[in-house]
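Commentary on secondary and tertiary structure
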Amino acid sequence: MFDFSKNYFELFGMPMGFRVDGAELASRYRELQKVVHPDRYAASGEQSQRMSLQSATMVNEAYEILRDPLRRAQYLLTLQDNASDPQPQTLNDPAFLMQQMELREALERVRTAADPQAEIDALMGEIAGLIKGQIAQLAVQFEDSSADQLAAAAQTVQKMQFLNKLHAEAEAIEADLEEVL
Amino acid sequence: MALLQIAEPGQSAAPHEHRLAAGIDLGTTNSLLATVRSGRAATLPDASGRHLLPSVVRYTPGGVEVGEAARRVAAQDPLNTISSAKRLIGRAVGDLKTLGSELPYDFITGDSAVPRIRTVAGEVTAIEVSAEILKALGQRARDTLGGELDGVVITVPAYFDDAQRQATKDAARLAGLHVYRLLNEPTAAAVAYGLDRGADGVHAIYDLGGGTFDVSILRLHKGVFEVMATGGDTALGGDDFDAAVADWILEQSGLTRDAGRGTLRHVLDQARAAKEALAKDATVALTVDLPEGGHWQGELSSDMLARLIDPLIRKTIKTCRRVLRDAGVSTDEVEDVVMVGGSTRALRVRELVAEFFGREPLVDIDPDRVVAIGAAIQADVLAGNKPDDDMLLLDVNPLSLGIETMGGLTEKIIPRNTTIPVARAQEFTTFKDGQTAMAVHVVQGERELVSDCRSLARFELHDIPPMVAGAARIRVTFAVDADGLLQVEAREQTSGVSASIEVKPSYGLTDGEITGMLQASIDHAKDDMQVRRLVEERVDAERVIEALKAAVASDGERLLSADELALVRQALQTLTDTARDAQDPAEVEAAIKQLEKDCEFYVERRMNDGIRKAMAGHRVDEFAEEDGREAE
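To keep things clear, this report deals only with the structure shown in the data block. Quick caveat, the model's predicted, so the values are computed rather than measured. (Residues numbered from 1 in each chain as written. Chains lettered and ligands numbered in written order. Predicted model: local features only at pLDDT ≥ 70, side-chain atom pairs only at ≥ 80, totals over all residues.)

Along chain A, the regular secondary structure elements total seven helices and zero strands. Along chain A, helices and strands appear, N-terminal first, in the series α-α-α-α-α-α-α. A compact globule built from 181 residues would reach a C-alpha radius of gyration of about 16 Å, whereas chain A, at 20 Å, exceeds it by more than 25%. Projecting the C-alpha coordinates of chain A onto the three principal axes gives extents of approximately 60 × 50 × 30 Å. Counting only contacts in chain A whose residues sit at least 6 apart along the sequence, the fraction spanning at least 24 positions is 65%. (Helix = DSSP H or I, 4+ residues; strand = E, 2+ residues; numbered from the N terminus. Rg over C-alpha atoms; globule rule 2.2 N^0.38 Å. Contact = placed C-beta atoms within 7 Å.)

See the structure below:
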């Protein structure tokens, strides 16, 4: 079947980089699945079905990674990071960490706020804005693959992880609030 | 080994025999069979013109009755007449009390984890009851189409868990049907609607059946149906509406739940009839035969019905809200809301759904038949009868899959709404020095605590080399196939020791039990089993030969060297001869495997060729310009 040693960008025939055209990616994804999906082999032999299953699984995995900015950035770092130290670096940005703490405290206060719905909407908007900012940063940092820029990208990735986790927690609170409605 | 049933544009694949394929909607209340004939999908009626087969099976000392005949006598013979088997399939004994409305059967409380029902014809499980329904539909297909079915697509609620899917597949196996694919009901409905309209965009499918509720959000793009999120409740449906109305009738008529099974059935029938009548009229008169003689007479208004069922409908709306959030879309991005399932006939359901989505739902395909029709269309595609068709369904797993970790907590490995097929791995380690075994407990569900999730299976990994705590690296891999069925493997990375299981839930039937049932169902007079297997293997061989011939005819000369072509032709000849002459099914099976092995390189080459062609439509430079930057 297709070459499993290809990286996901090569698999999708797209240039390797952080900036990805989402519509183009989705269109290539659909074209690839039209070729490899198990539904195309439902009336075939076991072996073809097995191959198709493996290929379709890989195409799905590749698509999930390429379309998500954080996972795409992490993936790019693993592709470029051949020799350097795989140990995660610690995040060295006191201002960012302080802001995280404040956001977390604000989240904890939501349930007791006068208007929890408005409060959570505002917080989610703020976190989403911060995530957008990090994505813009990443786009710049991956522009050139110098060691400095990649190290900076690795820091941004860590910040994204913090923010995504916060966003997920905010979503959970929002879901809880809606349940009560 | 049919490779790509895709042909180049304007050039169809080598003509091959049209395969008989059908879609089956195995419903809680009614089941249907549909097929595509002369390019049109339609449900098939029985000899007396009825399309709906009531999902009711009656066991008598003389045999089994399925459908209308069984349904009619349900009130007289409640213990031997099983309806709503779908509510029980894939469930454990412990689940019974959580199923809400009472099931008036004689359950055997034994050591078996699978609920068994005592009937005059012996003990039966929901899997066997479902198999009887599938057999009846299989027979209807043979009678109508005049041949053996090559394969079927059976629909299941999108929110069915692994155990319920596995049990449904087992029922088909018992009924002697080859399952191409288990298809989620809302996705099937989307196919029936989408192809009808060719409407690209985001659609919501609201599917409320007799015993299950599903909602799916899909994006349709040029024949590709991508499910974005799905949710539901496998124990909520029109049956619960009926039960709510029946409870009210009991209360009004001064009866209690101790009135006897026959009376309860009668009241339930009255409740259902009243609910159905209120889809048209504002009020309906009620008459209940009292057990001690005489009647109770009353009236049910649509306002009262709304009061009784609103809490149930609100539960479905809550699920809609969550699914939209999972899909990341708002109600105004949803272009259509499609209503599926007999219970969406209730006007109150339509009202509340319209209110939530802010638009009138679509009801123009018969909500009872739309799922079967979608399944038939997909079965036709999967059979390879439409080689040029672009249609593709990309579905998701409805519930998160994970394993139990320390402290009874769930560690999710595959989150819900991940596109299938999917495989994910995670590493775990030992927590004691010298630990040589590890128990893996596979669970499904969204909750943090294992005890709140559904337990799917347990297995153990042994012979881990003794190491200090935390040194072993145990990689647990979850793989979900296109039917939504899970397989789990655990492997210790340093030693390579591994253990894997196909997740056969603790409350499913074992392979041995199924083989036993199959054998029991076949007349033992001769060695029928052997004959049947030989026929099946020959059909398989035929399928493989035909597919390979079609492949060679379409691109053999282009993709293969002369030597390779000769090799493929030789392999074809060998299998053709073996399939014709061999009397031992194992021999035919081995010959099929051999051919697949010999021609593997060709299969790979065709798939690569397909990928190359698929990607050739896109020019990288064009895209890079559009994006305003060069590729790295």
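With that settled, the discussion passes to unusual backbone geometry. Residues and elements named next belong to chain B. The peptide bond linking Ile420 to Pro421 adopts the cis configuration, its omega dihedral lying at 0 degrees. Backbone geometry at Ser38 places phi at a positive 45 degrees, although glycine is not the residue there. For Ser38, the location among the structural elements is in the loop between β2 (30-37) and β3 (40-43). The phi angle at Lys222 is positive, at roughly 45 degrees, despite the residue not being glycine. Along the chain, Lys222 falls in the loop between β14 (213-221) and β15 (224-233).

Further remarks concern the sheet that holds strand β23 (residues 438-444) of chain B. Residue and element names in this part refer to chain B. One open sheet accounts for four strands, arranged β21-β20-β23-β24; its pairing is antiparallel. Of all the strands in the sheet, just β21 (409-414) and β24 (454-461) have a single pairing partner and so form its edges. Averaged over all pairs of adjacent strands, the angle between strand axes in this sheet comes to 30 degrees, irrespective of strand direction. Bridge analysis of strand β20 (residues 401-405) against β21 gives five bridges, and the strand direction is antiparallel. In the strand pairing of β21, Leu401 is matched with Ile414. (Pairing = 2+ DSSP bridges. Axes fitted to C-alpha atoms, helices over the stretch in contact; angles between N-to-C directions.)

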